[in-house]
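Topology and contacts: notes
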Amino acid sequence: MSKKIVAIDMDDTICHLIPKALYYHNAQYPSLQLMMEQVTSFDLSSIWHPECTEEAFFGRPGLYEELDIFDEYTVEEIRKMTAKYDVIVITAARPASVPEKWNWMQTHLPFIPYENFFVARRKYLVGFDLLIDDGPHNVTAAREAGKKTILIPRPWNAHIQHQYQLKNTWQGMSDLVDQMLEAEE
Ligand SMILES: [Mg+2]
C-alpha cells in the first residue's frame, strides 16, 4: 500500500508570516499599529495604512526567507511524519516569493525534497489525505473534497474553529495525524 499523503501549509502553519508582515507594517507606519487580533480575514486592505499595498505588505523582498519557525516542535514533528507518510508542503505562494520559500525550506526542513514542495493556490486539486492549514478556504475546500483536516487556530479563522479539529502547537501533531488517519480505516 502506498503511503498516505499529509499536506502541510507554510504561512502561519509552519512559519509565522502575519506577525512578521505586521512588524514591518508597524515599523513603516508608526501612527497605525496593527495587532494580530485585528486580522480577522486575509483581506487586510481595510485595516492597513492607506498608503500600504498588497505588494508592500506581502511582497517585501526577503520577507519569506526570514520567517520564524512556528514553534520548537515543528521540525521534529514533521520529521516524524515523514517516516510514515508522504509529507508534502503546499503553499499558495506569490510567484516572486517561491525562491525565498524554497530557501526557507532548505534552511529549516532540509529533509523535505524538492518534489514534495508544491506551489498551489487551489490546494483542493491535490490528492492528499489530510491537510494541516490555517486558511479557512483551504480547510473548507479540503473537507468538501472528503479529506481530513487540522486547522491551526488564528484570528482569521475564528468563525470556523468550532467546526474543525484544532491544534495550536506542533507538540503531538504526528500522533494526532496518526489517530485521524487510522480512524479512517
Ligand atoms: Mg497559511
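Residues numbered from 1 in each chain as written. Predicted model: local features only at pLDDT ≥ 70, side-chain atom pairs only at ≥ 80, totals over all residues.

A few words now on the pairing of strand 5 (residues 148-151). Across a regular strand the side chains alternate sides, sitting on one face of the sheet and then on the other. Both faces of strand 5 are covered, namely the face carrying Lys 148 and Ile 150 and the face carrying Thr 149 and Leu 151. In terms of strand pairing, strand 4 (residues 130-133) meets strand 5 through four bridges, oriented parallel. Note on strand 5: the bridge partner recorded for Ile 132 is Ile 150. Note that the unit made of strand 4, helix 5 (residues 136-144) and strand 5 has a crossover that is right-handed. (Buried ≥ 20, exposed ≤ 12 C-beta atoms within 10 Å, placed from the backbone. Helix = DSSP H or I, 4+ residues; strand = E, 2+ residues; numbered from the N terminus. Pairing = 2+ DSSP bridges. Right-handed = clockwise from strand over helix to strand, strands pointing away.)

For helix 1 (residues 17-28), spanning twelve residues, the distance from its first C-alpha to its last is 17 Å, which sits close to the expected 16 Å at 1.5 Å a residue. Taken together, the buried positions of helix 1 are occupied by Ile 18, Ala 21, Leu 22 and His 25. Down the axis of helix 1, the buried side of the element spans an arc of 100 degrees, and every buried residue falls inside it. Residues of helix 1 that are exposed and point over 90 degrees away from its buried face: Tyr 23 and Ala 27. On the buried face of helix 1, the contacting elements are helix 2 (54-58). (Expected span 1.5 Å × (residues − 1). Arc of directions from axis to C-beta. Contact = placed C-beta atoms within 7 Å.)

Let's shift gears to helix 3 (residues 74-84). When helix 3 is considered as a whole, its buried residues turn out to be Thr 74, Glu 77, Ile 78 and Met 81. All buried residues of helix 3 fall inside an arc of 95 degrees around its axis, so they share one side. Along its buried surface, helix 3 packs onto strand 1 (5-8), strand 2 (86-91) and helix 6 (173-182).

Our focus in this paragraph is the sheet that holds strand 1. A sheet is described by the order of its strands in space; here five strands give the open sequence 3-2-1-4-5, paired in parallel fashion. Taken across any chain shown, the strands that pair with only one partner, and hence form the sheet edges, are strand 3 (117-119) and strand 5. Neighbour to neighbour, the strand axes of the sheet diverge by 20 degrees on average, direction disregarded. (Axes fitted to C-alpha atoms, helices over the stretch in contact; angles between N-to-C directions.)

Let us look at the environment of His 25. On the secondary structure map, His 25 appears in helix 1. For His 25, a count of 20 C-beta atoms within 10 Å corresponds to the buried category. Sequence-wise, His 25 and Phe 111 are 86 residues apart; in three dimensions their C-alpha atoms are separated by 33 Å. Not counting the four nearest positions on each side in its chain, His 25 is found in contact with Leu 34, Trp 48, His 49, Cys 52 and Phe 57.

In this section: the domain arrangement of the protein chain. Taken as a whole, the protein chain is organised into domain 1 (5-16 + 68-182) and domain 2 (18-65). Residue-level contacts link twelve residues of domain 1 with 14 residues of domain 2. Of the residues contributing to the side of domain 1 that touches domain 2, the split by class is five nonpolar, three polar and four charged. (Domains from an automatic or database assignment. Nonpolar A, V, L, I, M, F, W, Y, C, P; charged D, E, K, R; others polar.)

What describes two packed helices is the angle between their axes and the distance between those same axes. Here helix 3 crosses helix 6 at 35 degrees, and the two axes come no closer than 8 Å. Here helix 3 contributes Glu 77, Lys 80 and Met 81 to the contact with helix 6, which in turn contributes Met 173, Ser 174 and Val 177. A per-class count over the contact of helix 3 with helix 6 returns three nonpolar, one polar and two charged.

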